[in-house]
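A structural walkthrough
For reference, the chains in residue letters:
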Amino acid sequence: QVHFVESGGGLVQSGGSLTLSCSASGIDFSLYAMGWYRQAPGKEREFVAWMTKNGSRKRADFILGRSTISRENNVNTVILQINNMKPDDTATFFCNGWGANFTYWGQGTQLTVSS
């Protein structure tokens, strides 16, 4: 049974920082790339960031220069830190993991940025 559990969402002011984490169980974490997508009301889900087991990273343009994606492989966790939060960052953030033949999603955590 596979479970991805997100935490760290909440309400922050513009210019503040937030750290999201996702802990995985039921998979061999070392075989999966892990990352984040977001979805705002009325909009399609979009890519945010991911990191492979070997340390390769990719981030969407809207968080370049103000974010860090990292993995703590010993505890099966992927972490996303976003600085200088903006109101248009408001969305539900979903943890995502994929291997050669399988993709899994967390239930999502709400991130709201006030102006």
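Everything in this summary refers to the structure shown in the same document. (Residues numbered from 1 in each chain as written. Predicted model: local features only at pLDDT ≥ 70, side-chain atom pairs only at ≥ 80, totals over all residues. Heavy atoms only, no water.)

**Overview of the pattern of salt bridges**
As enumerated under the stated definition, the model contains three salt bridges in all. Residue glutamate 46 pairs with arginine 38 through a salt bridge whose shortest N-O separation is 2.6 Å. Glutamate 46 sits in the partly exposed class, given a relative accessible area of 33%. A salt bridge links aspartate 89 to arginine 38; the nearest nitrogen and oxygen atoms lie 3.4 Å apart. On the criterion of sequence distance, the pair formed by aspartate 89 in the loop between strand S8 (77–82) and strand S9 (91–98) and arginine 38 in strand S4 (residues 33–39) is long-range, its members being 51 residues apart. Each of the two residues, aspartate 89 as well as arginine 38, counts as buried. (Salt bridge = Lys/Arg side-chain N within 4 Å of Asp/Glu carboxyl O. Buried < 20%, exposed > 50% of the residue type's maximum accessible area, 1.4 Å probe, protein only. Helix = DSSP H or I, 4+ residues; strand = E, 2+ residues; numbered from the N terminus.)

**Points about the state of the cysteines**
Using the criterion set out here, one finds one disulfide in the structure. Across a sulfur-sulfur distance of 2.0 Å, cysteine 22 and cysteine 95 are joined as a disulfide pair. Here cysteine 22 and cysteine 95 share a disulfide; its torsion about the S-S bond, -85 degrees, makes the bridge left-handed. Of this pair, cysteine 22 sits in strand S3 (residues 18–25) while cysteine 95 sits in strand S9; the two residues are 73 residues apart in sequence, bridging distant segments of the chain. One exposure class covers both cysteine 22 and cysteine 95, and it is buried. (Disulfide = S-S within 2.5 Å.)

**Here we look at the pairing of S4**
With five of seven residues buried, S4 lies mostly within the body of the structure. Looking at chain direction, S4 and S9 are connected through seven bridges and run antiparallel. The residue bridging arginine 38 from the neighbouring strand is phenylalanine 93, located in S9. Sheet topology places S4 next to strand S5 (residues 46–51); five bridges connect them, and they run antiparallel. Its bridge partner lying in S5, tyrosine 37 is registered against phenylalanine 47. Between S4 and S5, which pair antiparallel and follow one another directly, the connecting turn spans six residues, one of which, glycine 42, has a positive phi of 75 degrees. (Pairing = 2+ DSSP bridges.)

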